[in-house]
Amino acid sequence: MKHLRLPLLLAVVLLAAGCDTSFEAFEETDLAYSVFGVLDAAADTQFVRVEPVRDSTFVGSSGDIGARVTSTNLATGETVVWEEGVSRLGADDSLRVHTFTTTADLAPETTYRFTVEREEGGATSVAEVTLPPAFPPPAIRNAPDRREGSEEEGQTGALTLLVDGVERLGSVRADYEYEACFPVPDNPPECSRQQAVAYHLADTTRRPDGTLEIEIPWQQDIPRQVGATLQTFYSFRVTVAAASEDWPDYAADNPPGGGPEGQPLPPPRVGTNVEGGTGFLGGAFTRTVDVPILR
């Protein structure tokens, strides 16, 4: 059964990356729709942001955009109609954007045609993307050791993941949920549940045999106040995403946004692969591993 990706990177439909329509405001254009998202063969639900290309700088809308969205498996000819929904962005949830979803299965190493057409006809935006191969769950080395005395015995605070079968790596994300205790003068320490997220695409090397070695310095990832102590790990998960060949390169310190359920997303202002529109539709296969904690 496919995994339902982290309640970590996530929540709303495409953040900043999805808000960039990548065209000159007020310039005449024949482009129909902007498309931003990722087709992930390992996901239970696909999310793609679709908006009409506008003649103003306004982004987001509340009304029906009059679009019919489909995906077609080019190997079998099977076509699926996607469902339209509206999500809210911004600190005050004032920005409404359109997200199309489907729970239909997608297959690795398969090419899909994603089509957005106006219901009244006359304008179509199309993207074709080939999903990468599936890969086995990453192997975990040097899991965190929270047993008494482990730090004095040389605990480095760095986890290593070994990943086979990935040609192009799109994203590495670590999600933490833990309890930290903070010192309070003349009082017992105050403890609270905390969350942290970190990206580690830049901490990846490829061995001569093709295996990817990813270092996750978890002790550095967890923010702490002076004197604070890490008491308990509630969860420690790492998501690794293999990406399609046309996935753009970007600086590792500028991580790819996040869609609902934590999809990896390309950065804004990349070259479009949408014919008759703008934006970027990528292909991915993701794996999420729960890191065991020695207690």
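My aim in this report is to walk through the structure given alongside it, one point at a time. None of these values were measured; they are calculated from a predicted model.

**With respect to the state of the cysteines**
Thought 1: Scanning the entire structure with this criterion turns up one disulfide.
Thought 2: What pairs with Cys-181 in a disulfide is Cys-191, and their sulfur atoms sit 1.9 Å apart. Taking the sign of the S-S torsion, 105° for the link of Cys-181 and Cys-191, the bridge is right-handed. Taken together, the residues Cys-181 in strand 11 (residues 169-184) and Cys-191 in strand 12 (residues 187-199) connect sequence positions ten residues apart.
Thought 3: A relative accessible area of 6% places Cys-181 in the buried class.

**Structural notes on the packing of aromatic side chains**
The geometry of an aromatic ring pair comes down to the distance between the two centres and the angle between the two planes.
Thought 1: Enumeration according to the criterion identifies seven aromatic pairs in this entry.
Thought 2: Measuring from centroid to centroid gives 5.6 Å for Trp-218 and Phe-233, while their planes differ by 65°, and the two rings are edge-to-face. Highlighted residues: Trp-218 in helix 2 (residues 218-221) and Phe-233 in strand 15 (residues 229-243), separated in sequence by 15 residues.
Thought 3: Accessibility expressed as a relative area gives 2% for Phe-233, which makes it buried.
Thought 4: Seen from their ring centres, Phe-233 and Phe-236 are 5.8 Å apart, and the 20° between their planes marks the pair as stacked.
Thought 5: Take Phe-236: its relative accessible area is 2%, and that puts it in the buried class.

**Observations regarding the environment of Ala-107**
Thought 1: Its location among the elements puts Ala-107 in the loop between strand 6 (95-102) and strand 7 (111-118).
Thought 2: Using a relative accessible area of 28% as the deciding quantity, one classes Ala-107 as partly exposed.
Thought 3: Between the C-alpha atoms of Ala-107 and Leu-39, which are 68 residues apart in sequence, the distance is 9.9 Å.
Thought 4: Ignoring anything within four residues of it in the chain, the contact list for Ala-107 reads Ala-41, Tyr-112 and Leu-131.

**Some points on the pattern of salt bridges**
Thought 1: This structure, assessed with the given rule, holds seven salt bridges.
Thought 2: Note that Arg-207 is salt-bridged to Glu-213, the shortest N-O span being 2.8 Å.
Thought 3: Here Arg-207 falls in the partly exposed class, since its relative accessible area comes to 34%.

**Concerning the sheet that holds strand 13 (residues 204-206)**
Thought 1: Pairing is antiparallel across the open sheet formed by four strands, whose spatial order is 9-10-14-13. This sheet does not close on itself; its edge strands, each paired only once, are strand 9 (139-141) and strand 13. Put simply, the sheet's adjacent strands are angled 25° from each other on average, direction ignored.
Thought 2: Two strands pair when backbone bridges link them, and strand 13 and strand 14 (residues 212-216) are joined in this way by three bridges, in the antiparallel orientation. Across the sheet, the residue bridging to Thr-205 is Glu-213, located in strand 14.

**What to know about a negative patch on the surface**
Thought 1: Among the surface-exposed residues, Asp-64, Glu-84, Glu-119 and Glu-120 lie close enough to one another that they form a single negatively charged patch.
Thought 2: On the secondary structure map, Glu-120 appears in the loop between strand 7 and strand 8 (124-130).
Thought 3: Classification of Glu-120 as exposed rests on a relative accessible area of 63%.

**What to know about the nonpolar core**
Thought 1: Counting residues in hydrophobic clusters, the biggest one holds 53 residues, and the most contacted among them are Tyr-176, Phe-236 and Val-238.
Thought 2: Here Tyr-176 is in contact with Gln-194, Gln-195, Ala-196, Ile-216, Trp-218, Asp-221, Ile-222, Phe-233, Ser-235 and Phe-236, once residues within four sequence places are set aside.

**Focus: the side chain of Thr-286**
Thought 1: Here Thr-286 lies in strand 17 (residues 277-290).
Thought 2: Here Thr-286 falls in the buried class, since its relative accessible area comes to 1%.
Thought 3: Engagement of the side chain of Thr-286 in a polar contact is seen with the side chain of Asp-40, the distance being 2.8 Å.

**Some thoughts on the side chain of Asp-221**
Thought 1: With respect to the helices, strands and loops of the structure, Asp-221 is situated in helix 2.
Thought 2: Comment: no salt bridge for buried Asp-221; closest opposite-charge side chain is Arg-173, at 10 Å.
Thought 3: Among the polar contacts listed, one links the side chain of Asp-221 to the side chain of His-200, at a separation of 2.7 Å.
Thought 4: Beyond its immediate chain neighbours, meaning those up to four positions away, Asp-221 contacts Ala-174, Tyr-176, Ala-196, Ala-198, His-200 and Ile-216.

Scoring rules and cut-offs
Residues numbered from 1 in each chain as written. Predicted model: local features only at pLDDT ≥ 70, side-chain atom pairs only at ≥ 80, totals over all residues. Heavy atoms only, no water. Disulfide = S-S within 2.5 Å. Helix = DSSP H or I, 4+ residues; strand = E, 2+ residues; numbered from the N terminus. Buried < 20%, exposed > 50% of the residue type's maximum accessible area, 1.4 Å probe, protein only. Phe/Tyr/Trp six-rings, centres within 6.5 Å; stacked < 30°, edge-to-face > 60°. Contact = heavy atoms within 4.5 Å. Salt bridge = Lys/Arg side-chain N within 4 Å of Asp/Glu carboxyl O. Pairing = 2+ DSSP bridges. Axes fitted to C-alpha atoms, helices over the stretch in contact; angles between N-to-C directions. Patch = residues over 30% accessible without salt bridge, like charges linked within 9 Å, V, L, I, M, F, W, Y side chains within 5 Å. Areas by Shrake-Rupley, 256 points an atom, 1.4 Å probe, with all protein chains shown as cover. Lys, Arg positive; Asp, Glu negative; His and termini not counted. Charge placed at Lys NZ, Arg CZ, Asp CG, Glu CD. Core = buried A, V, L, I, M, F, W, Y, C linked by side-chain atoms within 4.5 Å. Polar contact = N/O pair within 3.5 Å; in protein donor to acceptor, adjacent residues only side chain to side chain.

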